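Examination of the molecular architecture
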Amino acid sequence: MQNKPLSTIDTLQKSFKPIEEIETSRLIYELEVHQIELEMQNEELLQTQNQVKEEVEKLAAYARKYATLYDFAPSGYCTLSRAGDIMELNLSAAKMLGKDRGRLINNRLALYVSPETQPRYHLFLESIFNDKAKHTCEIILSVNERSPMHVLLAGTVDETEERCFINVIDITERKQAKETLLLQNKISEQHTAELVLANRELTLKSKENEKLTAALNASNKKLITAMQLSDQAVQKYFTLYNIAPCAYFTLSRHSKIIELNLRGAQLLGRQKLTLKGKLFSAFITVESKPVFDHFVEKIFETNLSQTCELSLAMDGRPPMFLHLEGSLTDNGEHCFLTMLDISARKEKEDKIRQLSQAVEQSPVSIIITNTSGSIEYVNSKFAENTGYNFEEVKGKNIAVLNSGHTTDEEYAALWQALKEGCEWHGEFHNKKKNGQFYWESAAFSCIQNTAGETTHYLAITEDITYRKHSEARLVKYAKELKNVNSDLENFAFIASHDLQEPLRMVNSFLNLVERRLDSQLDETTRQYIRFVIDGADRMKILIRDLLQYSRIGTNKEEFSAVDLNAVFAHLQNVLRETIDLNNAVIKVQSLPVIIANDTLVHELLLNLLTNALKYRGYDPPQIEAGCVEETSRYVLFVKDNGIGINVEYFDKIFIIFQRLHARSSYPGTGIGLAICRRIAELHKGKIWVESEEGKGSTFFVSFPKSAE
């Protein structure tokens, strides 16, 4: 190949004008040198092409092994936040930036970008997050005293749109080769312009070089495509790894956390970066540590997959239950764990266990049969009530308890209701295993599957034998009480008529004696006669009050709505003369409408107001009436500023004919508050007093909100 330029020179020498011999030698020498340089360039281009092919093969292998060779990738990978902070990077990227990886985390990548390429870098980062598409750009990294490094950045945003993945490729050598090639091409073009005729063959070689350059460009495109595919594989791996519903952990032999996904960090309640290097055993409960230690030990000893269940300590919250499945990694140095949160399942199991215990320990009998009535389950209360244990009635029809006292029509109504999917409630007079009869209150219902089909029947029964006997006794007592009340009514009538008649005769004849013997009676005799007449009058009043007391509860009027405001207004009109005479002031708050007997309510409140006016102190009576509403009742109160009551007499004052004061001080028979208590009890309420001697009294009466 070296002879061809010489022959060309010889031809040129013959065709051109003669030139000096020394000039000819110089041209020949320069042409030879240029030819050697071009041949060297061709060899370099071929080497570069071979290197490109090797890199493509390496990248293809890297894409397959990325999960385990991430840190040792020939190109750099890093994860940036929206602000450009480095969140994660591999060793190659750290090497390009000339610092330890730990010192680069949370630093801005822009700190290592040369000033002239800063605008291009910021535009690149902004475009990734705005367009949510892949972008590339070339920048220059300027780190410490090192020579500037040309790198190609290829980036895309992740699903969260809060960070992006960046692939960093060192293209310094390629840039230098390209610049060298451009420089050499420029020199070659200059030589070609000067020696156009002598360089025809060399021009052909230049064309071959252009082909090689085209091949190199094509190889570069393939390399970029391979890088893009690698980026996609990495992004897909990270996405699937982090969004998986299961928690993934890579642990060392001593349970130190090497790697984990986002779900794993969520389970432990920590940030992902703060968990790496921590002992996983530090997050589990004391009870679960032996189980976990044995689990990890078996994985490394047997090299087989293992499973276990344990609980996590949750900082004041109930423990979280996990199902773990683990196996060794390919290198055998770590174990890979998959974790599922089974707390909900555990909670359901606990609830099922509680329900099962509740059914088994229920105070009532529980029976489950199939749709044919064959017994499939009974609880312990059934055995206690009937004498049959489960094995004795298993598979038998529930009619095993039939005593013959329940009619066929009642059984037919029961099964018809169950066939229609309805509940049935009733009572049975059944027979125990020992032949003893007993009463049961029963409720039957259907158990349905998810499709709404009846698969079983549920019977809940309660032994009501004692209640039935008690009801019978109550019926008997009620009948006897009715007879007694009838006798009392007859007695009250006799007392109101027959007993008062002799008193009227005593009164009349004593008055007649006093008038006829008026001149013959001394003052002592007159006083004796007045004592007798006064005693007869008091006896008449006692009989009248006793009759009134006995008639309470025999009133046949039904309960109705009673406006307490209207009752107090009417009573104030009735007592107007007494109120004015005592200069009394009565304040009545807004009162509710209650369900009661109007006549009895008037009588009760009349007694309370009369007592408040009667048992006054030295000051004019100040009386206040109001009501407090509670959940199920109204509590009416009447408050006065009278003489008050000693606490030891709070119960005594409600007993019939019990008085605390002499008749000369306060007239009356001592029956008014007894009547009030009977009226309150008749309305299913109660009456009580709060008082202090010399400071007045407050009487309370409760009325249910609804009358039964």
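A few points on the structure. (Residues numbered from 1 in each chain as written. Predicted model: local features only at pLDDT ≥ 70, side-chain atom pairs only at ≥ 80, totals over all residues. Heavy atoms only, no water.)

With antiparallel pairing, the five strands of this open sheet are ordered in space as β2-β1-β5-β4-β3. Each edge of the open sheet carries a strand with a single partner, namely β2 (86–89) and β3 (135–141). Ignoring strand direction, the axes of neighbouring strands in this sheet form an average angle of 30°. One ladder, built from three bridges, connects strand β1 (residues 76–81) with β2; its direction is antiparallel. By the bridge assignment, Thr79 is partnered in β2 with Glu88. The sheet strands contacting helix α6 (residues 118–131) are β1, β3, β4 (149–157) and β5 (163–170), and the helix crosses β3 at an angle near 155°. (Pairing = 2+ DSSP bridges. Helix = DSSP H or I, 4+ residues; strand = E, 2+ residues; numbered from the N terminus. Axes fitted to C-alpha atoms, helices over the stretch in contact; angles between N-to-C directions. Contact = heavy atoms within 4.5 Å.)

Despite not being glycine, Glu161 shows a phi value in the positive range, around 60°. By secondary structure assignment, the location of Glu161 is in the loop between β4 and β5. Owing to a relative accessible area of 33%, Glu161 belongs among the partly exposed residues under this scheme. The backbone phi angle of Ser255 is positive, close to 65°, even though this residue is not glycine. Topologically, Ser255 is positioned in the loop between β6 (247–251) and β7 (257–260). (Buried < 20%, exposed > 50% of the residue type's maximum accessible area, 1.4 Å probe, protein only.)

Taken across its nine residues, β4 has eight buried, putting it largely inside the fold. Of the pairings in the sheet, the one linking β3 to β4 comprises seven bridges and is antiparallel in character. When the sheet's bridge partners are listed, Cys137 is paired in β4 with Leu153. Bridge count between β4 and β5: seven bridges; the pairing is antiparallel.

That's the geometry; what it means functionally is another story.
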